[in-house]
Amino acid sequence: WAQTTSGSWNRYHGDMCGSVVLELDKPSSCNPAEVRASEWCNSASRDFCISWSIAASSIDFTLTGKTSGTVALGLTDIPGKMYPADNIVCWVDSSGGGHVEDSFMDSYEAPSTAGDTPSVTLLEAVEEGGITSCHLTRRLNTGDSNDRSIGSGITDLVWALAPQDDPTAKHTLRGSGSVEFLAGNTTDPTAAAPSPPPSSHS
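Residues numbered from 1 in each chain as written. Predicted model: local features only at pLDDT ≥ 70, side-chain atom pairs only at ≥ 80, totals over all residues. Heavy atoms only, no water.

Trainee: What exactly am I supposed to notice about the overall build of the protein here?
Mentor: Across its full length, the protein carries 0 helices and 11 strands. Listed by position from the N terminus, the elements making up the protein come as β-β-β-β-β-β-β-β-β-β-β. Counting across all 202 residues of the protein, residues that qualify as buried make up 37%. Of the contacts formed within the protein by residues at least 6 apart in sequence, a portion of 50% connects residues at least 24 apart. When the accessible surface of the protein is split by element, carbon and sulfur atoms take 52% of a total near 11,300 Å². (Helix = DSSP H or I, 4+ residues; strand = E, 2+ residues; numbered from the N terminus. Buried < 20%, exposed > 50% of the residue type's maximum accessible area, 1.4 Å probe, protein only. Contact = heavy atoms within 4.5 Å. Areas by Shrake-Rupley, 256 points an atom, 1.4 Å probe, with all protein chains shown as cover.)

Now the structure itself:
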């Protein structure tokens, strides 16, 4: 088997390939209700990646970024735009403790937790070798008006990395993309950055 990040059949699969031996005369040991999983990265540099698995009405996902500070994900209403967006920020503090903040972004200011019911659970957080990885879970539809439901079709993402363990810290690297969470595949990844704030002119 092989998997590429493009819909083109002749794209090189890189290291995403393997083999398996099947005994077709025996019943499957797989549970048909098992999760569907996939991954999206900003580019071959893998500065930011999100991997996920879907089971029943929940999604487990892992955010991984090349930073010793915060890793942020936004489910945005407008492709490539930083807001309005349902935001998740996670980090590992100096004592090794993991943190997650469920927030909402409606401007170029730092995300706000005001009026946002926490709906993301941190399962594990690790920082090692300048890479932070957070394993999280939430329901596909949380019932919170500030959360974006995860359903069929394309979900537009924005992401950002900051060097400090502070959810309000200014990011030093950011980008955007789109995924199909329920389809278990991704659109062609790009490293395009969300539109920055408009410049002020004197």
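Trainee: Got a minute to help me understand the packing of aromatic side chains in this structure?
Mentor: One pair of aromatic rings is described through two measures. These are the centre distance and the angle between the planes. Following the criterion strictly, the structure yields 3 aromatic pairs and no others. Aromatic side chains F48 and W159 sit 5.2 Å apart centroid to centroid with 0° between the ring planes, which places their arrangement in the stacked category. Taken together, the residues F48 in strand β2 (residues 48-55) and W159 in strand β9 (residues 155-162) connect sequence positions 111 residues apart. Overall, W159 belongs to the buried group, its relative accessible area being 3%. Aromatic side chains W52 and F181 sit 5.0 Å apart centroid to centroid with 80° between the ring planes, which places their arrangement in the edge-to-face category. Highlighted residues: W52 in strand β2 and F181 in the loop between β10 (173-180) and β11 (185-186), separated in sequence by 129 residues. The exposure class of W52 is buried, given its relative accessible area of 3%. On the accessibility criterion, F181 (2% relative accessible area) is buried. (Phe/Tyr/Trp six-rings, centres within 6.5 Å; stacked < 30°, edge-to-face > 60°.)

Trainee: Can you help me understand unusual backbone geometry in this one?
Mentor: Comment: phi is negative for the bulk of residues other than glycine, and the bulk of peptide bonds are trans. Unlike most non-glycine residues, R46 shows phi in positive territory, near 55°. Position of R46 among the secondary structure elements: in the loop between β1 (36-41) and β2. One non-glycine residue, A56, adopts positive backbone phi at about 55°. By secondary structure assignment, the location of A56 is in the loop between β2 and β3 (58-65).

Trainee: Looking at this structure, how should I read empty space enclosed by the protein?
Mentor: One way to see where empty space is left: roll a probe the size of a water molecule over the atoms. Taken as a whole and judged by the stated rule, the model has 1 cavity of 30 Å³ or more. Reported here for the largest cavity is a volume of approximately 60 Å³. The wall of the largest cavity is formed by I50, I59, F61, L73, L75, I88, R138, I150 and F181. Those elements that place two or more of their residues in the lining of the largest cavity are β3 and β4 (70-76). Split by residue class, the lining of the largest cavity holds 8 nonpolar, no polar and 1 charged. (1 Å grid on protein atoms, 1.4 Å probe; cavity = no way out; pocket = protein on both sides within 12 Å on 5 of 7 lines; lining within 4 Å. Points joined across faces, edges and corners; volume = space filled by probe spheres on them. Nonpolar A, V, L, I, M, F, W, Y, C, P; charged D, E, K, R; others polar.)

Trainee: Sorry, what's going on with the pairing of β4 here?
Mentor: In the case of a regular strand, side chains alternate between the two sheet surfaces. Burial runs high along β4: 7 of the 7 residues are buried. The side-chain alternation of β4 yields two buried faces, one formed by T70, A72, G74 and T76 and the other by V71, L73 and L75. Examined bridge by bridge, β4 and β9 share 6 bridges and lie antiparallel to one another. Within the sheet, the bridge partner assigned to A72 lies in β9 and is A160. (Pairing = 2+ DSSP bridges.)

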